[in-house]
Amino acid sequence: NDIGNFQYGFFTGNGAAVGWNADTAHLVDEGSPGTGSYHLTMIFGGGEFLMELMDIITDEQAFDAAWLDFCRLFNASNADKIARYGISFDSGGFSQLYAKLQCYAGQRLNDTTLKQTAWNIITSNTVGVWPPVTQVGGTDVLNPINEIANLATNDAGALSLSEYAVMAIAPELSPNSFSSMTEEWDQSTIAEYDHTDKKSEEYEIKEHLTMRKKGRNWRKLLWRKTRPYSSINNGNTFDTKDFHIHRATGFIPSEAPLARLPVKFEAWEIALDDAVRSKLQ
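Here the structure is a predicted model, which is why all the values come from computation and not from measurement.

**Re the overall build of the chain**
Here comes step 1: In terms of regular secondary structure, the chain is built from 10 helices and 6 strands.
Here comes step 2: Out of the 281 residues belonging to the chain, those deemed buried represent 35%.
Here comes step 3: Counted over contacts in the chain with a minimum sequence separation of 6, partners at least 24 positions apart contribute 58%.
Here comes step 4: Summing over all exposed atoms, the chain offers an accessible surface of approximately 16900 Å²; the carbon and sulfur share of this is 55%.

Put into structure tokens, the structure is as follows:
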């Protein structure tokens, strides 16, 4: 109830932190609303956790209202923030990563505008979208390798999760470059879809809405269909190799890491062995 009763809800906090009164066992508002960063809590799992939690906890209306306000207003205009809180503030950027929460709020509040805005953010975003694979060689590596140079795991991981969530929550608003899949994934690497089959697309949307009416949660749809959309290659083929994802190890290389450098680098290994034996620090 403490967060729900704070004037600024989830935006409360001096540097995004609130105090704790050990005597009363309550959180304390220490001022400076909207001046902190919420990324470590909301982008890295906190958002998904609260989405799941609020499906279970249905009797904390003040907390739930504060949570929905955060989701719908993080990417909102200053005018919208002033209308709700009486002040304007910078949420902290990364709108593309918070699009998932914005879309979630649109679903909860039955607000198509929120969901469409989330889609617009995803489709127009260029941050964290990396160039194609290139070969890296020379003195940078032991052996030439193919990789996406300078790929940032935070961007790749967090942006992908945001995209997946928006696609799962609002498939009916997906742009023409995306197409819905209806069949269960058989774990094959490649799956193809006929874009001219409008019945399949309409079925997917109908199925999604039916799940909501029956109280089934959108996340079940997301996890059941691990690749509900595709915009890769020519738009009708999905291949994990396009993403350089191994089916067994994911983003982790399929080859075991080197236990020892190649023979031509043996001098370095001997030096390391000597240092270890000498307990050199």
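So, next bit.
**As for helix 5 (residues 95-108)**
Here comes step 1: Between its first and last C-alpha atoms helix 5 spans 19 Å; for 14 residues at 1.5 Å apiece the expected length is 20 Å, and the two agree.
Here comes step 2: When helix 5 is considered as a whole, its buried residues turn out to be Gln96, Leu97, Tyr98, Ala99, Lys100, Leu101, Gln102, Cys103, Tyr104, Ala105, Gly106 and Gln107.
Here comes step 3: Just downstream of helix 5, asparagine 110 is the residue with a positive phi angle, here 55 degrees.

**Here we look at the packing of aromatic side chains**
Here comes step 1: On inspection of all chains with the given rule, the structure shows 14 aromatic pairs.
Here comes step 2: Between the aromatic rings of phenylalanine 10 and tryptophan 67, the centroid separation amounts to 6.0 Å while the plane-to-plane angle is 55 degrees, which identifies the pairing as tilted. Here phenylalanine 10, found in the loop between helix 1 (2-5) and strand 1 (19-21), pairs with tryptophan 67, found in helix 3 (residues 61-73); they are 57 residues apart in sequence, far enough to count as distant. The pair formed by phenylalanine 10 and tryptophan 67 is uniform in burial state, with each residue classed as buried.
Here comes step 3: Centroid distance phenylalanine 11 to phenylalanine 70: 4.8 Å. Interplanar angle 35 degrees. Geometry classified as tilted. One end of the pair, phenylalanine 11, is in the loop between helix 1 and strand 1; the other, phenylalanine 70, is in helix 3, and 59 residues separate them in sequence. Of the two residues examined, phenylalanine 11 and phenylalanine 70, each falls in the buried class.

About the cut-offs
- Residues numbered from 1 in each chain as written.
- Predicted model: local features only at pLDDT ≥ 70, side-chain atom pairs only at ≥ 80, totals over all residues.
- Heavy atoms only, no water.
- Helix = DSSP H or I, 4+ residues; strand = E, 2+ residues; numbered from the N terminus.
- Buried < 20%, exposed > 50% of the residue type's maximum accessible area, 1.4 Å probe, protein only.
- Contact = heavy atoms within 4.5 Å.
- Areas by Shrake-Rupley, 256 points an atom, 1.4 Å probe, with all protein chains shown as cover.
- Expected span 1.5 Å × (residues − 1).
- Phe/Tyr/Trp six-rings, centres within 6.5 Å; stacked < 30°, edge-to-face > 60°.

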